[in-house]
Each structure stands twice: as C-alpha cells, then as structure tokens.
Amino acid sequence: MANNEDLFKKIIAHAKEYGFIFQSSEIYDGLSAVYDYGHNGVELKNNIKDYWWKSMVQYHDNIVGLDAAIFMHPKVWKASGHVDAFSDPMIDNKDSKKRYRADVLVEDHIAKIEGKIEKETEKAAKRFGDTFDGEMFLATNPRVSEYQKQVASIKEKLYSALEDNRLADIKNLIEELGIVCPLSGSKNWTDVRHFNLMFSTQLGSLSEEASQIYLRPETAQGIFVNYLNVQKTGRMKIPFGIAQMGKAFRNEIVARQFIFRMREFEQMEMQFFVKPGEELTWFEYWKNERMKWHLNMGIPASEYRFHEHDKLAHYANAAFDIEFNFPMGFKELEGIHSRTDFDLSAHQELSGKKIQYFDPEEEKNYVPYVVETSIGLDRTFLAVLTYAWNEEKLDDGSERVVLRIPPFLAPFKAAILPLVKKDGLPEKALEIFDGLKFDFMCFYEDKDSIGRRYRRQDAIGTPYCITVDHQTLQDGTVTIRERDNMSQDRIEISKIRDIIAHRLKRQ
Ligand code: GAP
C-alpha cells in the first residue's frame, strides 16, 4: 500500500463525500492544515477515543484520567524546554515567498537520490530476470555505490549541523546541492532561522496587563504539573499512570498530508511514573502493550513496525515509534519514550515546589522517572481509514467502495432499512430502530432503492444492514446483510441484538 498517491487522493475525497472530514472554513477557501470532523467522522473519532480510554484507564487499576486546560502558565513551557528549543529550522525562498523546513528540503533531495538507486535496481532486475541478486547488485554496482556515498555524506552533514545547531552550514548544504524552490525554481534563499512551533496569544483584556501565553503543543505537560495533585488526592502508589486526551497545537511549517500533520490536532497521552532504575523494564512493557492495542483493532501486524530513534533527545534514555503503513509509506503513529525525571525535575526547579514521591518501601523521597506513551488521535483515524478503504469489483461486474472499519469502531453498527416506503414497512422498521438505539448507534433510511442504500452503508463502514420487507410483517423475520462478504440471512428480529453484539467484540 506504500507510496500510493492515488490511493491517498481517493481516501481524502471519500472522507469528504461521506461526511468524515471537511477542510476547516471551506466556504472561505479553507484554512491550511486545519480540519473539521463531520457527522460520520465524529462517531469514528469518539469510538477510537473510547477504545483508548477504556484500555488505558478503565482496564488498569493504577492509571487514572485527567483533563487539564489548554492554557497553562507560560513558565510551564519554559521549564519543559519548549520556549527555547521547540523549533524547526526554516528557510524562505525570496522569489516565491514560500517558507520551507530547511532539513526537509535536504531530506527531499536525499529521497530523489534514493529514487535513482531504486530505478537502477528495477532496470537491472528486468535485465537479469530470475538470476537477479538484489543484494549483490546494491553492493557492487559502481553507479549505485556512488549514489549511496552521496546519500551518506549528505546525511552526515545535515544531521551533524542539526545536532550542533549550525544553521549557516545547513544553508551552505542547500546551496552546495543546488536545491531549488519547488514553486519558483529559484535558488534565491534567505538564511536558515529557527521557527518556534508554539502558537501564542494574549491573556487579559488590556494590552498593558496582558501576558503572552501559549496554546499547548502537547498534552503531557498538563499531566506533569498535576502530578502532585493527582498522586496525593488519588492516593496513588508508584508505579502508576495519568492519562489524558485533548487538543494540541503546533504551527507546523510543512503542513501537508491531510490529517497526518495538522496545526490543531488531538493527542492521547499517558505518563507512567516509576521508581528510578526501573524505567527500562516499564519501557519494554509499554512498548509491547501499545503494539497489542493496535493489533487488537484487527488491523494486520504487517501494517505496523517499530522504529528505534537513532538520536535520543537529551532527556530520554530510550525511544521507539510505532509506525503505520500510511498511503505515503511507513510513518510515525505513536511514540513511546523513557523521559527519565527530566520534566518533573525541571518543574520542581522552576516552580520551587518539591515534586517528589515518598516511597514507603525504600523509606525515601525521589523524583519519579517517567515512561510516556503518546499517540495522535487524528493519525490513528487516518490509519483506520487507510486500512479500511477498499475498492472492489463484484461478480456482476459492478464496483463498490467499502470501508472495512473494525466493527467496534464503525460510526454506525446497523442500518435499519424498510424495503419500500409504504405498506407499514417504515413503521415496523422504526419499531426495530427504537428497540436497538439505546444499545447501538443505528441508522434509519427509507429513501432510494435498497441496492443504493446498501452501497451507502458500505461506504461508511456499517457492519450490518437490516432489511424489513413484507414477510417481516407476517413472521417477524428480517434480512441481515453483512458488510464484508455481502451475505444475506433471514433471522428473527429477536436475534438481531446478539448478532450485532457478537460482531462488536474486539480481536
Ligand atoms: N508528549 C510527546 C509528544 O508530543 P510527539 O512525537 O511530538 O511527542 C506524539 O507527538 C504524537 O502526536 C505523534 O506520534 C503523532 O501521532 C501526533 N502528532 C504530533 N504532531 C502532529 C501533527 N502536527 N498533526 C497530527 N498529529 C501529530
């Protein structure tokens, strides 16, 4: 499924056509990298949230929830390092006036060279047929070796310049590689500068009194600054976790790829507080638990992979991403980080308040270490949509688009459809709808032919269509149609509830 631009376009168009995702403020030509969730989107999104919350909070007796405010004291972001270091290196093209992330321009250049290696390999594979040995070719072909050397040298220069904050060297590299602006084609670049990703605003009504505050760029800090409140009032004993879902805001420079990279998005984060020295054991535990959470949705393991961070942030002593096979290839979906005592210690120092735990077994105070699991809700939504979207050719030659959304996440669990809009069938169908609506999200529709209504339900991923026909009035049976294999069975009305409930169980 990787690198499939066409597929991505189809998913984006489908998400709009069927009320999952709309561009924000579309009637005013939209706001870049900001999206609204429509009537079907909000149901899917809420179901993903519910799955996460239950798995993290309800199923663990040592994890509790929190809902901190988006606005926080500006010192929070000073202590966390976001004021000084949450930035990307940016560069403007003077002709197009377009702003780019300098490192991404170089990475795109690297991707082009890697594309040449792939092309060379494909050509050779065609030429040699069955006797082709890919590994041997990559290791011995002189042209490929030259490309590989170029890639290694550019990466070394870029990453060391980023690490040491040598912005002038990144500009030199862009010039040395002859990188042009994709819009204007010109090499007329400004210097590379840091661009802080936090949005700021003013708190207070009078400008003299107002102070600058930030829209939170992550939910995690709300957890850290509430650590003492929750630990004391919840009488929590280490190890324990605090979970939170909520909006986060980042002024992303490279804001593209639909809901993959947004300026306003939602995170689901859990900070797990542990005894110093035990963090790597817990890190392994949460790495595996989080992967299980993804697989329990019913999406195959082949769509996920772990990616270990090459370079650790200064406060972390272990970090892995869970990547998903999005239409643009494998990309980060969730991060699992062992953050040591960096955040709590930083807040302790700047606030002057002791943020510690008294360990009754050890009989001593310490600043707990933290293992964090941090997942983007919108990216999870995109992962589910990517997996679910299927275009099928049917036996009768027709085509359908079906969303094979894991049933427990589907916006609607069943559609109740009278075959025709007369003869008492709508009344009977509504009676069935009323009997199910308190247990399941159901959909009622009596317009258009039954075939068209089935297609519409396939397109939004409804696992079951229940059709009420004339026989229903005589013997109390309905037709139940299954979304994935389109099989149809005649069952008694009293069986509908159990069938749906059974299908909603997770893997
Ligand atoms: N507290 C740690 C933290 O915020 P992160 O890797 O910057 O770590 C965690 O973000 C997750 O949030 C990512 O794995 C991704 O799923 C999501 N995320 C980050 N930036 C995003 C953006 N601009 N748009 C959508 N999701 C984003």
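Before going into details, it helps to say that this report is about the structure given with it. Here the residue numbers are simple positions, counted from 1 along each chain's written sequence. With the structure being a predicted model, the display of local features is reserved for residues of pLDDT at least 70 and the display and counting of side-chain atom pairs for 80 or more, all residues being used for whole-chain, interface and lining totals. Note that the side-chain values use all heavy atoms of the structure and ignore hydrogens as well as water.

1. Quick word on the overall build of the protein
Here a strand is any run of E in DSSP of at least two residues, a helix any run of H or I of at least four, and the numbering for each starts at the N terminus. Each helix and strand in the protein was counted, giving 17 helices and 23 strands. When the backbone C-alpha atoms are referred to their principal axes, the protein occupies close to 80 × 70 × 55 Å. Burial classes: relative accessible area under 20% of the type maximum marks a residue as buried, over 50% as exposed, and values in between as partly exposed (1.4 Å probe, protein chains only). Within the protein, the fraction of its 507 residues that count as buried is 49%. Contacts: residue pairs with any heavy atoms within 4.5 Å of one another. Residue pairs at least 24 apart in sequence account for 65% of intrachain contacts in the protein once pairs closer than 6 positions are excluded. For the purpose of counting charges, residues Lys and Arg are taken to be positive, whereas Asp and Glu are taken to be negative. His and the chain ends are not included. For charged residues, the charge sits on one atom: NZ in Lys, CZ in Arg, CG in Asp, CD in Glu. The protein carries 69 positive and 80 negative side-chain charges, and their two centres are separated by 2 Å.

2. Comments concerning the environment of I12
Mapping I12 onto the fold places it in helix α1 (residues 5-17). Between the C-alpha atom of I12 and that of F22, which follows or precedes it by 10 residues, the distance is 9.3 Å.

3. Concerning the site of the ligand
For the ligand, the set of nearby residues contains 19 residues, the closest of which are E218, M262, E269, E332 and L333. A 3.5 Å cut-off defines polar contacts: any pair of N or O atoms within that distance qualifies, except that in protein one atom must be a possible hydrogen donor and the other a possible acceptor, and neighbouring residues in sequence count only when both atoms are side-chain atoms. Separating a nitrogen atom of the ligand from a side-chain N or O atom of E372 is a distance of 2.9 Å. Only the protein chains shown count as cover for residues, with accessible areas throughout obtained via the Shrake-Rupley method and a probe of 1.4 Å. Look at the ligand: alone it shows 560 Å² of surface, and the protein chains cover 91% of it. Contributions of two or more residues to the shell around the ligand are made by β10 (264-274), β13 (329-340) and β16 (369-376). No other element matches β13, which puts 5 residues into the shell around the ligand. Charged residues are taken to be Asp, Glu, Lys and Arg, nonpolar residues to be Ala, Val, Leu, Ile, Met, Phe, Trp, Tyr, Cys and Pro, and polar residues to be all remaining types, Gly included. For the shell around the ligand, the class distribution of residues is 5 nonpolar, 4 polar and 10 charged. By convention in these notes, a residue is near a molecule or strand provided one of its non-hydrogen atoms lies within 4 Å of it.

4. Comments concerning the packing of helix α2 (residues 39-58) against helix α13 (residues 377-388)
Simply put, an axis is a line fit to the C-alpha atoms, just over the touching stretch for a helix, and the angle between two N-to-C directions goes from 0 to 180 degrees. Closest axis-to-axis distance for the α2/α13 pair is 10 Å, and the angle between their directions is 110°. Judged by the inter-axis angle, α2 sits roughly perpendicular to α13. Note on packing geometry: the crossing formed by α2 with α13 is right-handed. Note on element contacts: α13 touches α2 through L377, D378, T380, F381 and V384, opposite G41, L44, K45, I48 and K49. Of the residues contributing to the contact of α2 with α13, the split by class is 5 nonpolar, 2 polar and 3 charged. The cut-offs work like this: below 35 degrees is roughly parallel, past 145 is roughly antiparallel, 65 to 115 is roughly perpendicular, and the gaps in between are oblique. What makes a crossing left-handed is the near helix being turned counterclockwise from the far one by less than a right angle; a clockwise turn instead makes it right-handed.

5. A closer look at unusual backbone geometry
In the segment running from I238 into P239, the intervening peptide bond is cis, with an omega of 5°. Note that P239 resides in the loop between α10 (227-233) and β9 (240-249). Of note in the backbone geometry, A33 takes a positive phi value of approximately 65° without being a glycine. Following the sequence through the fold, A33 ends up in the loop between β1 (21-23) and β2 (35-37).

6. Some remarks on the packing of α2 against helix α11 (residues 279-295)
Packing of α2 against α11 brings their axes to within 12 Å, and their N-to-C directions diverge by 145°. Of the two elements, α2 crosses α11, and the hand of that crossing is right-handed. Contacts from I48, Y51, W52, S55 and M56 in α2 reach W286, R290 and W293 in α11. Counted by class, the contact of α2 with α11 contains 6 nonpolar, 1 polar and 1 charged residues.

7. Quick look at α11
An α-helix turns once every 3.6 residues. As a result, residues three or four positions apart point the same way. Helix span is expected to be 1.5 Å times the residue number reduced by one. The terminal C-alpha atoms of α11, which comprises 17 residues, lie 24 Å apart, in line with the 24 Å expected from a rise of 1.5 Å per residue. Burial in α11 covers these residues: E279, F283, W286, K287, R290, M291, W293 and H294. End-on, the buried residues of α11 take up no more than an arc of 150°, which puts them together on one face. Here the arc refers to the set of directions running from the helix axis out to each C-beta atom.

8. Focus on the pattern of salt bridges
Definition used for salt bridges: Asp or Glu carboxyl oxygen within 4 Å of a side-chain nitrogen of Lys or Arg. Evaluated as defined, the whole model comprises 42 salt bridges. K292 serves as the salt-bridge partner of E289, at 2.9 Å between the closest nitrogen and oxygen. One end of the pair is E289 and the other is K292, both in helix α11 and 3 residues apart, which spans about a single turn. For the salt bridge of E431 with K428, the shortest nitrogen-to-oxygen distance reads 3.2 Å. Highlighted residues: E431 and K428, both in helix α14 (residues 425-436), separated by 3 residues, approximately one helical turn. What you see here is one network of salt bridges that share partners, running through E392, R400, R404, R455, D458, R481, E482, R483, D484 and R503.

9. Quick look at the sheet that holds strand β4 (residues 87-92)
Reading across from one edge, β5-β4-β6 is the order of the 3 strands in this open sheet, with antiparallel pairing throughout. Two strands close off the open sheet at either side, each with one partner strand: β5 (99-101) and β6 (193-196). This sheet shows a mean twist of 50° between the axes of neighbouring strands, independent of strand direction. Strands pair, by our definition, only if DSSP identifies at least two bridges between them. Here β4 pairs with β6 via 4 bridges, running antiparallel.

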